[in-house]
Amino acid sequence: MLGRIRDVPEVCSIFCATANPVEVVVAQSGQGRGVLGVIDGSSPAGVESADDARERREFLRKIGYKR
């Protein structure tokens, strides 16, 4: 879908393409409006510990995704 959006001549830049909730910071001056930035997502729910990483890798190996 991103490629199709880029093909539209009126679109000059893609700032954000995500499934997360976002906020767009817009400024207005005498010359017009512009996007200053995009705030994407939220704070992480937690930090992965060494045990969490080991369990994740073991699970990925179990389902055949990682060797």
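Above this text sits the structure in question.
Residues numbered from 1 in each chain as written. Predicted model: local features only at pLDDT ≥ 70, side-chain atom pairs only at ≥ 80, totals over all residues. Heavy atoms only, no water.

### Section: the overall build of the protein chain
How we decide: Labels follow the DSSP assignment, with helices taken as runs of H or I lasting at least four residues and strands as runs of E lasting at least two, numbered in each case from the N terminus. In this treatment the radius of gyration is a C-alpha quantity, and the globule benchmark scales as 2.2 Å times the residue count to the 0.38 power. A 1.4 Å probe rolled over the protein chains alone gives each residue an accessible area, and that area as a share of the maximum for its type sets the label: buried under 20%, exposed over 50%, partly exposed in between. Every residue pair with non-hydrogen atoms within 4.5 Å of one another is taken to be in contact. Note that His is not counted, nor are the chain ends; the positive residues are Lys and Arg, and the negative ones are Asp and Glu. We put the charge of a Lys on NZ, of an Arg on CZ, of an Asp on CG and of a Glu on CD.
A count of helices and strands for the protein chain gives 2 helices and 2 strands. Ordered by position from N to C terminus, the α and β elements of the protein chain give α-β-β-α. Radius of gyration (C-alpha) of the protein chain: 20 Å, far over the 11 Å computed for a compact globule of 67 residues. Overall, the protein chain is about 55 × 30 × 15 Å in size when its C-alpha atoms are taken along their principal axes. The 67 residues of the protein chain split such that 4% are buried. Sequence-distant contacts, at least 24 apart, represent 0% of the contacts inside the protein chain between residues at least 6 apart. Taking the average place of the 10 positive charges on the side chains of the protein chain and the average place of its 9 negative ones, the gap between the two points comes to 8 Å.

### Remarks on a nonpolar patch on the surface
Going by this rule: Each patch is assembled from residues with relative accessible area greater than 30% and no salt bridge, linking like charges that lie within 9 Å and nonpolar side chains (Val, Leu, Ile, Met, Phe, Trp, Tyr) that lie within 5 Å. A 1.4 Å probe and the Shrake-Rupley method give the accessible areas. Residues count as covered only by the protein chains that appear here. Salt bridge, as used here: a side-chain nitrogen of Lys or Arg that lies within 4 Å of a carboxyl oxygen of Asp or Glu.
Taken together, the side chains of V22, V24, V26 and V35 define a hydrophobic patch exposed on the protein surface, amounting to about 300 Å² of accessible area. In terms of residue count, the dominant contributor to the nonpolar patch is strand 1 (residues 22-29) (3 residues). Its location among the elements puts V24 in strand 1.

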